[in-house]
Amino acid sequence: MKTAKSIKSSGGLEGQLCQGPCCPRGEGLFDINKIGYVLDSKARTTCAAADHAAQAPLTDGRKTAEHIAAIRQDSQKSVFRISGLDCGDCAAKLEKRLGALPGVRLAAVNFGAGKLTVEHNITDSVLIQTVKQAGYGATKDGAARQPMPETVWWKNARTLATAASGILLAIATILDWSGMTGALITWLYALTAVIGGFHAAKSGLYGLRSLSLDMNFLMTVAIIGAAAIGEWSEGAAVAFLFSVGNTLQAYTMDKTRQSIRSLMELAPPVAWVRRDHEEKRLPVEDIVIGDLIIVKPGERIAMDGIVHSGISAVNQATITGESLPVEKTIGDTVYAGTVNEHGALEIRVSKRADNSTLARISRLVEEAQAQKAPSQQFVDVFAKYYTPIVLVLAACVMVVPWLLLQQLFAPWFYNGLVLLVISCPCALVISTPVAIVSAIGNASRRGVLIKGGAYLEVMGSINAIAFDKTGTLTQGKPVVTDIVVTSGYTETEFLAMAAGIEKWSEHPLARAIVEKAKGLGLKTAVHFKALVGRGAQAEIDGQMIYIGNVRLFEDLSYDFTAHENTLAELEQQGKTVMLMGTGNLILGMIAVADTLRENSREAIQALHAAGMKHIAMLTGDNDRVAGAIAKKLNLDTYYSGLMPEDKVAAVKKMASDYGKIVMVGDGVNDAPAMAVATVGVAMGVAGSDVALETADVALMTDDLGKLAYLIKLSHKTVAIIKQNIVFALFIKVIFLLLLALGMGNLWLAVLADMGASLLVTVNGMRLMRRLGAVTK
């Protein structure tokens, strides 16, 4: 996990990472967005450990360390789903307001996931009411899973208000255009403004109480200002158009969030369980580790577990992205949310429902959505200065010509209102997160888990990629390919002797030899001794026999002249050669190879086609073996004979030569090298909790082809983000020019602003489309 000294919460609040001894597992540095501790609402020192958090120095005068200590004594943690949250700036304001409530220890809003986490000692109803006062909906995200509610437009107050204001505006406009005059039209426009602008005014005034001005406040001022100078039709149009924009924007963001939440809906909420010789249908929350669940053909598997009995094919696309079902039999691992194609299975539960692979993926995806991408950080900083500057300019436009140049007040006041509307940075602020959320959701449904927008963005600018060989480019399961006997033994006798020694070893190459000798009567070996890094020795029939690599027999002062050609030929084929002999005679050789994955070569070709400049392989094998594999895969270079610390040095060298670099490994053994790379990618981690947590990007299967997809998705995401930012700024510039030329008005400004917000949202949602659409 990449760490930094200074971080920000999902709402943009600054904090510091604690490096004290209190941090869990002694790791010291933590990403606060993943753990969720953001104290109150202002910059302060933050620690991943709850007990240390209250000891952090506070800069907020409303809460003292003693106050937070008192809250800690009986605090609880509640998680809520927020609906209608359509703007990242609004999320920050809500987070600030909740953090200021008495009895709240911390509040963190994840805008991308629409999720609120609060530590408090007050009732949930108070928190829900506070959220509602801000203009949003909140529902408790309890332990028991509830199906996502079906929202219908006629039950949504904001939608009804928008529809009512639209009807009233249409009636008033028709009457106005027909030449009718009088108080009725004015009252219709006023009623339109009140109904259409009610939710914006409510949220804007609520934000004002927290001393934070947002777009709702700006629009409320614009509506009231238009009415104050008699422009009732303009004020009504502003209220209606802004309400339409907010409603549609909230709807599209909620749809995007639901695409991620729907992952958890794939696992059934109940399952058949066999307990005490009786079958019961129980909620998954009541099922414990060790229970035996029964899954019939065509049903989804409810829990992670191990097949206890039965044979079937399981569609694992929800977890791994694999298109074809995988055969499962006794002892195989299965995952919650996958589909049992045929054949009944009895599964021994290995993880609770809230800790299943599917649940962990869902949580990690939501946490990833809270991680701000570099482009989003740029936009936030830009908006931070942009909005106040334009507010000051709007005030100057309103009063300076009137005070200093003796101009008429009403026209310049109106121009100032138009500038206020144009200044709303909503389209700019939302341009990045909607694209990031959509892309991360797209990837998660294809078996690629991206831990944050930063990693997604940087994948598109990677210049070099390093692969660990064993278990990454290869299957990680060595097999015996050749047996060369150079003495009077038969091949069967020779193999029986080798396996008789190697059965005492835990080395992967030793296991390959024992596997090859299955069914043979092995020779009895005594006085076994492992020779670390070289091989092993043991006595067979009273004679000391050695088996190992060339280095072992070099140490024994053997003459290899007669065997050099055979050794060279086997190693040039990418095979590892083990020799066996007595104290003065080589009896023969066994060649072992870790076979390449079926799609390794195609994956390397796809990476080159995607624009990767340099692809390397890191391995502990000798130079001839590494060279043979590199040639087969058409790699740019390889590093051989590496120990773990050497792999770190190799990655650093590549980084110095090529800049940004990706390291691909298994996520556990390669963790040191992955940590120093720009992005660490772990593959085949569906059953590995450690790799799932530690990698920056996790491939749920062993499909290396996902890397090219990931790079193309990154390119597409960055392109859409740039399009959104440029478009949002372009609209602002165009309308500022129109205003300067005297051609701007309120309703056009609102239409442009909300239209821009909707267009960047829809443009970002294009990343939710299927792989084929993304990779064009």
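Calculation rules
- Residues numbered from 1 in each chain as written.
- Predicted model: local features only at pLDDT ≥ 70, side-chain atom pairs only at ≥ 80, totals over all residues.
- Heavy atoms only, no water.
- Salt bridge = Lys/Arg side-chain N within 4 Å of Asp/Glu carboxyl O.
- Helix = DSSP H or I, 4+ residues; strand = E, 2+ residues; numbered from the N terminus.
- Buried < 20%, exposed > 50% of the residue type's maximum accessible area, 1.4 Å probe, protein only.
- Pairing = 2+ DSSP bridges.
- Patch = residues over 30% accessible without salt bridge, like charges linked within 9 Å, V, L, I, M, F, W, Y side chains within 5 Å.
- Areas by Shrake-Rupley, 256 points an atom, 1.4 Å probe, with all protein chains shown as cover.
- Expected span 1.5 Å × (residues − 1).
- Core = buried A, V, L, I, M, F, W, Y, C linked by side-chain atoms within 4.5 Å.
- Contact = heavy atoms within 4.5 Å.
- Axes fitted to C-alpha atoms, helices over the stretch in contact; angles between N-to-C directions.
- Parallel < 35°, antiparallel > 145°, perpendicular 65-115°, else oblique.
- Nonpolar A, V, L, I, M, F, W, Y, C, P; charged D, E, K, R; others polar.
- pLDDT = per-residue confidence, 0-100.
- Arc of directions from axis to C-beta.

1. A word on the pattern of salt bridges
Side-chain pairing between opposite charges can occur once the charged atoms of the two side chains come close. Summed over all chains, the structure comprises 13 salt bridges. Note that Asp 291 and Arg 275 form a salt bridge whose closest N and O atoms lie 2.5 Å from each other. Of this pair, Asp 291 sits in the loop between β9 (278–283) and β10 (292–295) while Arg 275 sits in strand β8 (residues 270–275), placing them 16 residues apart in sequence. Of the residues examined, Arg 275 reaches a relative accessible area of 24% and is grouped as partly exposed. A salt bridge links Asp 702 to Arg 597; its shortest N-O distance comes to 3.6 Å. Of the two residues, Asp 702 is situated in the loop between β29 (697–699) and α27 (705–740) and Arg 597 in the loop between β24 (586–593) and α22 (600–609); the sequence distance between them amounts to 105 residues. Judged by its relative accessible area of 36%, Asp 702 falls in the partly exposed class. Look at the salt bridges and you will find they share partners, linking Arg 274, Glu 279 and Glu 346 into a network.

2. What about the pairing of strand β28 (residues 679–683)?
For β28, the tally of buried residues reaches 5 of 5 residues, placing the bulk of the element in the interior. Burial of the side chains of β28 extends over both faces: Val 679, Val 681 and Met 683 are buried on one face and Gly 680 and Ala 682 on the other. The pairing of strand β27 (residues 661–665) with β28 spans 4 bridges and is classified as parallel. If you follow Val 662 over to β28, its bridge partner there is Val 679.

3. Brief notes about unusual backbone geometry
Although it is not a glycine, Ser 557 sits at a positive phi angle of roughly 65 degrees. Along the chain, Ser 557 falls in the loop between α20 (550–555) and α21 (564–572). Positive phi outside glycine occurs at Asn 634, with the angle close to 60 degrees. As for its placement among the helices and strands, Asn 634 is situated in the loop between α23 (623–633) and β26 (637–639).

4. Here we look at a nonpolar patch on the surface
On the surface, Val 399, Val 400, Trp 402, Leu 403, Leu 404, Leu 405 and Phe 409 cluster together to form a nonpolar patch covering roughly 640 Å² of accessible area. Per element, the largest residue contribution to the nonpolar patch is 5 residues, and it comes from helix α12 (residues 374–404). Mapping Trp 402 onto the fold places it in helix α12. A relative accessible area of 41% places Trp 402 in the partly exposed class.

5. Some points on the sheet that holds β9
Spatial strand order, β9-β8-β10-β16-β11-β14: 6 strands in an open sheet with antiparallel pairing. Edge positions in the sheet fall to β9 and β14 (333–334), since each of these pairs with one other strand and no more. Across 4 bridges, strand β11 (residues 305–309) lies against strand β16 (residues 345–349) in antiparallel orientation. Considered in β16, the bridge of Ile 306 is made with Arg 348.

6. Structural notes on helix α6 (residues 157–177)
Along its 21 residues, α6 runs 30 Å from first to last C-alpha, staying within 8% of the 30 Å computed at 1.5 Å per residue. Restricting attention to buried positions, one finds in α6 the residues Arg 158, Thr 159, Ala 161, Thr 162, Ser 165, Gly 166, Leu 168, Leu 169, Ala 172 and Thr 173. Directly after α6, the chain includes Gly 179, whose backbone phi takes a positive value near 95 degrees.

7. Comments concerning the nonpolar core
Counting residues in hydrophobic clusters, the biggest one holds 115 residues, and the most contacted among them are Ile 450, Ile 465, Phe 467, Leu 607, Leu 707 and Leu 746. A per-element tally of this core places α27 first, with 13 residues. Setting aside chain neighbours within four positions, we find Leu 607 in contact with Ile 465, Phe 467, Met 612, Ile 615, Leu 707, Ala 708 and Ile 711. Listed in part, the 23 residues of the second largest apolar core include Ala 499, Leu 509, Ile 545 and Met 580.

8. As for the sheet that holds strand β4 (residues 76–83)
Spatial ordering of the open sheet is given by β5-β6-β4-β7, a layout of 4 strands whose pairing is antiparallel. Two strands in the sheet have a free side with no partner beyond their single neighbour: β5 (104–110) and β7 (137–140). The average angle at which neighbouring strand axes cross in this sheet is 25 degrees, direction not considered. By the bridge criterion, 4 bridges tie β4 to β7 in an arrangement that is antiparallel. From the neighbouring strand, Ile 82 faces β7, where its bridge partner is Ala 138.

9. Overview of the packing of helix α13 (residues 409–423) against helix α28 (residues 746–765)
Two elements in contact, α13 and α28, have axes whose closest approach is 9 Å; the angle formed by their N-to-C orientations is 5 degrees. When the axis of α13 is compared with that of α28, the two are roughly parallel. Mapping the contact onto sequence places Tyr 414, Leu 417, Val 418, Val 421 and Ile 422 in α13 and Leu 746, Ala 749, Val 750 and Asp 753 in α28. Class assignment of the residues belonging to the contact of α13 with α28 gives a composition of 8 nonpolar, no polar and 1 charged.

10. What about the confidence of the model for the protein?
Overall, the predicted model of the protein reaches an average pLDDT of 77, with 78% of residues at or above 70. Here residues 1–64 is a poorly scored stretch, pLDDT under 50, and it has 152 contacts once near neighbours within four places are set aside; other chains count.

11. Some words on helix α5 (residues 124–133)
Residues spaced three or four apart along an α-helix face the same direction, because each turn holds 3.6 residues. Where α5 is concerned, the buried positions are Leu 127, Ile 128, Thr 130 and Val 131. Relative to the axis of α5, the buried residues are bounded by an arc of 160 degrees and lie together on one face. Once α5 finishes, Gly 135 follows within two positions and takes phi at roughly 100 degrees, a positive value.

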